[in-house]
Every structure is written in structure tokens, then in C-alpha cells.
Amino acid sequence: MTEFLLVFALAIALGWPLGRYLAAVMRGEPMRGDGLFLWLERPLYALIGTNPQRGMSWRGYASAFVLSNLMLAVIVWLILMTQAWLPLNPNGAPNMSWDLALHTMVSFLTNTNQQHYSGQAQLSYLAHMTGIVTLQIITPMMGLALTAATLRGLFGGRNAQARKAESHEQAPVDVGNYWADVIRPTLRFMVPLCLVWSVLLTSQGVPATLAGGPVVAPVDATVEMKEQKIPLGPVSPMVAIKQLGTNGGGWYGPNSSVPLENPTPLSNLLETLALILVPVAVAFMIGPFTGRRKFAGMVFGTMLLMSVASAGFAIWSEGHSSTSSDIALMEGKEVRLGAEPSALWAALTTQTSNGSVNAMHDSLAPLTGLVTISDMLINAIWGGIGSGLQQFLTYLLLGVFLAGLMTGRTPELFGRKIEAPEVKLLAVLVLLQPLVSARTDRHHVVGAEPGRKLEPWVPRHQPGVL
């Protein structure tokens, strides 16, 4: 219970200033760090061939989004298929087959982060750093950019006053510059935050090295294996972004249940806090970014209430219910962490569409499993960076439409009427998730562990298997 209170208190205390800072970044305001950051940003704008001050219509914004995804897709796919021939591969990871590389690229490009491989054995350090980690940093910022564009569009765009002065709103709505909306928060917000978190995790013993792992003799001399190589690498930077970026894909197959990814109680607290820190900051960003404080308060209050209820119910189910004393519930959980921190992590990772784990979700109590499945279905209790707020707006628009039907009034939100075309698109968004029933959310497949295929089945406690 102490960790529950501490995580939420720290998330709110840190999320409020981070949200205000993020709003300033997304508005493109002059900042104290411009001397450094503009030195980094200007070459990128020149390479892309864009002026960050030039606005885009929603069509131009969407086209730039698709183009950036295609560029990243090709680069990462090629890296994964050629990693054995590239440097920084001390463990001799082979090239990925084209289909596994395609699945991995698509999974991380879409911020799904489902892994059909074990990173410690099948990816080189270079593939991790330039392929996986790059996508884990950029794709959340793409989601944030699209959310910023959506909010601008809902409130008339960046040129709302000029369009109003010109009368009849003949000018196209300026929803921002996509490239600036991705590059600015990446360099000014996410990368510095990940740097701080990776240093904190390294201080707790999470590996951060480019050297190959040591070879040791197993403690149990009766096993057939005479020696074992301990896989290391630049683990802490990837753990930092997998948590902060609502990603979830781990360096090691069993994710943060492995002591090398999560060695101490403090590292567990840091990684649990990171699950919701940026989504909370995004909720706090809404007020200063849009100027609508009451709207921001409604969004934050709703998300916080659902989050506390979800996490509290999971902790009660695992640690205080009538069945919590059953020793069988500890199967698949780390004794060094305990049932309650495992339940808190399970609730927050599904609330934020993250997917990282410090305990196997098929080992959760049935009621805790209900909590995690409900969190994934709602997908708007904090949600992924940007995507959670987008989903929240979808529910809000539907709620306003239904309320209008019941009261006999034309549904309106922010001065805009919600009519048949909008409702049809909203219905498609809501029905898309249950229709695509084959989709699996990160590692949360019954019977599956992160980075491990369902077939063939390997006993969890088989000697010599990590």
C-alpha cells in the first residue's frame, strides 16, 4: 500500500511541472534551452526540408505522418535483417529472418511492442539501440504530435483568430507542423527524461555497457550445462524508454521480472512510477496548451479516479482478499518484489497501454486478470502517450452525442455540432478493437511470457532456463 500511495503522489507532483513544460514545448514558445536545442533541431529541419513555423492542414499533417512511418519502417527492417554484419554485436546475434524482422519492425513502429524473440539472444546491441530504442522514443512522440494536432483542430487551429477576422473561415485550419511537433518533444522532453531515468536505473545495478557478457559456471554442478554466458549490454537506456514511453518491449525475454532489468526495490519503484509519469504529464499539459482549465481538470480527474480504482482493486485482489494467502498465487511472481507491487505494476501497465511486466499475468488472481483485461479494453485510463487522450476524446464525443439524444438537443462540443458523419467515424473507432479480435496487447496473452513463443512450451523452472 505504501508503494501505491508513493507512486501516485510522485506521479502527480512530477507530472504537473512536466505537463506545463511539455505544453510550452508543443506551443513552440521561446525557452531558456533554445541555444542548445535549436543547434540540434535546425540541421534536422534542414535535412527534412521544412520550416517549423509553417503550418499544415490536416491532410498535409497526415501525409507527413505516413511518410515518416514509411522511412522508419524501411531503415529498421534493414537493420534487423543485417545486424550480424554490422558492428556492436559481441554476442554474435544472427540476422533476423525477413518475416521476423518485419513483425518486429511493425510491432515497434505501431508502439505495440509484441516480441516474438528474446532480445538478449537474438538482437545485437546496435539493433537494440538504433532500431528498437529509436522506435520506442519516436513513436510515442508521434502519438503526442497527433494529439496536439487534434486539440488544435478542435479549438479552431493555430490560426483561429486570423480565420475569424477574415470571416466565414475561408482559410484552412492550421493544425501545426508535424515535423516540429515530433522533433521538439523528442529532443527537449523525452530524450532528457530518459537520460535521467537511465542514470538512476544504472545506479541500482541495471547494466549499461557495450562489452559482451561474462561466462560463468552454473551454481548447480549437477546440470549438464558446464558454463553459461550472462547477457549484458546497454540495458538501462532501453528499460528507461520502455517504461517512460508506454512501450513495454524488454531487453530480456521475461522483461522486468529479470533481476538484471529490475534488481532492487528502488528500481522497481522507479520503473513503476515511469509507467504513468508521462501520461499524467500529458493530462496536465491539456490546460496550458488549450487554455481550457476546466476541460483539463475533467480529463485528469476522470483518468485519476479510474486509475486509483483499478489499481486499488488489483492490490486488494492479490494482497488482501480471502484467496490472497494461497501460496499458489505466488507462482509466476518474484518473491523479492511481492504480490502487491506486482499487482500495482499489472494495473498501471495495462492502464497506460504499456505491456512491460514484473510478474507473469497468467499467474494473477482471476479478479486481477479481470482488472487488466478491462484496462486494456478501455484503453483510456491514462492510455499510451497521445493515444490515450485520443481514445478519451472518442468516448467524450460519443457521450455528448448520446446525452444530446436523450435530452432532445443537437449534440455540441466546444461549439461544434456532432452530426451523422462524425458519429459514423466514432462508431468505426469504437468497434475496431473488438473486430480485430486476433490482436494481442503486448505480452498479455494467457499462457505467454514476454519474449517467449507459445510453442514449444518450456517449463518455467527448467534448470538452465532463464
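Residues numbered from 1 in each chain as written. Predicted model: local features only at pLDDT ≥ 70, side-chain atom pairs only at ≥ 80, totals over all residues. Heavy atoms only, no water.

K.L.:
When you look at the overall build of the chain in this model, what are you seeing that I'm missing?
P.N.:
When its secondary structure is counted, the chain shows 15 helices and four strands. Taking the principal axes of its C-alpha atoms as reference, the chain extends roughly 85 × 55 × 40 Å. The burial tally for the chain puts 52% of its 466 residues in the buried class. Expressed as a percentage of contacts within the chain between residues at least 6 apart in sequence, the contacts between residues at least 24 apart total 74%. In the chain, 29 positive and 27 negative side-chain charges are present, and the distance between their average locations comes to 12 Å. (Helix = DSSP H or I, 4+ residues; strand = E, 2+ residues; numbered from the N terminus. Buried < 20%, exposed > 50% of the residue type's maximum accessible area, 1.4 Å probe, protein only. Contact = heavy atoms within 4.5 Å. Lys, Arg positive; Asp, Glu negative; His and termini not counted. Charge placed at Lys NZ, Arg CZ, Asp CG, Glu CD.)

K.L.:
How should I be thinking about unusual backbone geometry in this particular structure?
P.N.:
What you tend to see is this: most non-glycine residues have negative phi, and most peptide bonds are trans. Although it is not a glycine, Asn255 sits at a positive phi angle of roughly 65°. Relative to the assigned elements, Asn255 resides in the loop between helix 9 (235–244) and helix 10 (265–290). In this model, Asn379 sits at a positive phi of 60°, which is unusual for a non-glycine residue. Considering the arrangement of structural elements, one finds Asn379 in the loop between helix 13 (366–378) and helix 14 (387–407).

K.L.:
Just to check I follow, could you spell out the nonpolar core for this structure?
P.N.:
A general feature of soluble globular proteins is that nonpolar side chains tend to end up buried together. Counting residues in hydrophobic clusters, the biggest one holds 105 residues, and the most contacted among them are Met190, Trp197, Leu244, Ile276 and Trp382. When sequence neighbours within four positions are dropped, the list of residues in contact with Trp382 reads Ile276, Pro279, Val280, Ala283, Phe300, Met303, Leu304, Ser307, Gln351, Thr352, Gly388 and Leu389. (Core = buried A, V, L, I, M, F, W, Y, C linked by side-chain atoms within 4.5 Å.)

K.L.:
I keep staring at the environment of Pro185 and nothing clicks. Help me out?
P.N.:
Mapped onto the fold, Pro185 is located in helix 8 (residues 178–203). Relative accessible area serves as the criterion here: at 0%, Pro185 is assigned to the buried category. For the pair Pro185 and Ala23, spaced 162 residues apart in sequence, the C-alpha separation works out to 9.6 Å. Ignoring sequence-local partners within four residues, the contact set of Pro185 consists of Leu22, Val25, Met26, Met141, Leu144, Ala180 and Met190.

K.L.:
Help me understand helix 9 in this model?
P.N.:
Quick reminder: α-helices carry 3.6 residues per turn. Residues three or four places apart thus point the same way. Summarising burial for helix 9: nine of the ten residues are buried, a large majority. By the burial criterion, the buried members of helix 9 are Val235, Ser236, Met238, Val239, Ala240, Ile241, Lys242, Gln243 and Leu244. Contacts from the buried residues of helix 9 go to helix 6 (125–154), helix 8, helix 10 and helix 12 (339–351). Just downstream of helix 9 lies Thr246, where phi reads positive at about 45°.

K.L.:
Got a minute to help me understand the side chain of Thr368 in this structure?
P.N.:
You can see Thr368 is positioned in helix 13. With relative accessibility at 0%, the residue Thr368 sits in the buried group. In terms of polar contacts, Thr368 uses its side chain to reach the side chain of Ser317, at 2.9 Å. Beyond its immediate stretch of four places on either side in the chain, Thr368 contacts Ala314, Ser317 and Glu318. (Polar contact = N/O pair within 3.5 Å; in protein donor to acceptor, adjacent residues only side chain to side chain.)

K.L.:
Just to check I follow, could you spell out the side chain of Asn113 for this structure?
P.N.:
The residue Asn113 is located in the loop between helix 4 (98–109) and helix 5 (119–122) in this model. Polar side-chain contacts of Asn113 include one of 3.2 Å to the backbone oxygen of Asn247.

K.L.:
For this particular structure, what's the right way to read the pattern of salt bridges?
P.N.:
Any two side chains of opposite charge can pair if their charged atoms end up close together. Taken as a whole, this structure holds seven salt bridges when the rule is applied. Among the salt bridges present, the one from Glu261 reaches Lys242, with a minimum N-O distance of 2.6 Å. On the criterion of sequence distance, the pair formed by Glu261 in the loop between helix 9 and helix 10 and Lys242 in helix 9 is long-range, its members being 19 residues apart. Look at Glu261 and you get buried, because its relative accessible area is 0%. Across the pair Arg336 and Glu334 runs a salt bridge, and its minimum N-O distance is 3.0 Å. (Salt bridge = Lys/Arg side-chain N within 4 Å of Asp/Glu carboxyl O.)

K.L.:
What am I meant to see in the environment of Arg293 here?
P.N.:
Secondary-structure assignment places Arg293 in helix 11 (residues 293–319). As for Arg293 and Leu100, which are separated by 193 residues in sequence, their C-alpha atoms are 46 Å apart. Setting aside residues up to four positions removed in sequence, Arg293 forms contacts with Arg20, Gly287 and Pro288.

K.L.:
Help me understand the environment of Met129 in this model?
P.N.:
If you trace the backbone, Met129 turns up in helix 6. Residue Met129 is classed as partly exposed on the basis of its relative accessible area, which comes to 29%. On a C-alpha basis, the gap between Met129 and Met238 in space is 7.8 Å, while along the polypeptide they are 109 residues apart. Setting aside chain neighbours within four positions, we find Met129 in contact with Leu88, Thr134, Leu210 and Pro234.

K.L.:
It is not clear to me how the packing of aromatic side chains should be interpreted in this structure. Could you clarify?
P.N.:
We describe a pair of aromatic rings using the distance from one ring centre to the other and the angle between the two ring planes. Scanning the model with the defined rule gives eleven aromatic pairs in all. Summarising the aromatic geometry, the rings of Tyr125 and Trp251 are spaced 5.8 Å apart at their centres and angled 50° between planes, so their arrangement reads as tilted. One end of the pair, Tyr125, is in helix 6; the other, Trp251, is in the loop between helix 9 and helix 10, with 126 residues separating them in the sequence. For Tyr125, a relative accessible area of 1% corresponds to the buried category. The class of Trp251 is buried, set by a relative accessible area of 2%. (Phe/Tyr/Trp six-rings, centres within 6.5 Å; stacked < 30°, edge-to-face > 60°.)

K.L.:
Would you mind going over a nonpolar patch on the surface with me for this structure?
P.N.:
Together, Phe313, Trp316, Leu367 and Leu370 make up a nonpolar patch on the protein surface, roughly 370 Å² of accessible area in all. According to the relative accessible area criterion, Phe313 is partly exposed, its value standing at 34%. (Patch = residues over 30% accessible without salt bridge, like charges linked within 9 Å, V, L, I, M, F, W, Y side chains within 5 Å. Areas by Shrake-Rupley, 256 points an atom, 1.4 Å probe, with all protein chains shown as cover.)

K.L.:
How do you make sense of the packing of helix 9 against helix 10 when you look at a structure like this?
P.N.:
Think of two packed helices as two axes; the pair is described by the angle between the axes and how far apart they sit. With their axes 7 Å apart at the nearest point, helix 9 and helix 10 run at an angle of 45° to one another. Considering their axes alone, helix 9 and helix 10 lie oblique with respect to each other. Touching Val239, Gln243 and Leu244 of helix 9 are Glu271, Ala274, Leu275, Leu277 and Val278, all from helix 10. Per-class residue counts for the contact of helix 9 with helix 10 are six nonpolar, one polar and one charged. (Axes fitted to C-alpha atoms, helices over the stretch in contact; angles between N-to-C directions. Parallel < 35°, antiparallel > 145°, perpendicular 65-115°, else oblique. Nonpolar A, V, L, I, M, F, W, Y, C, P; charged D, E, K, R; others polar.)

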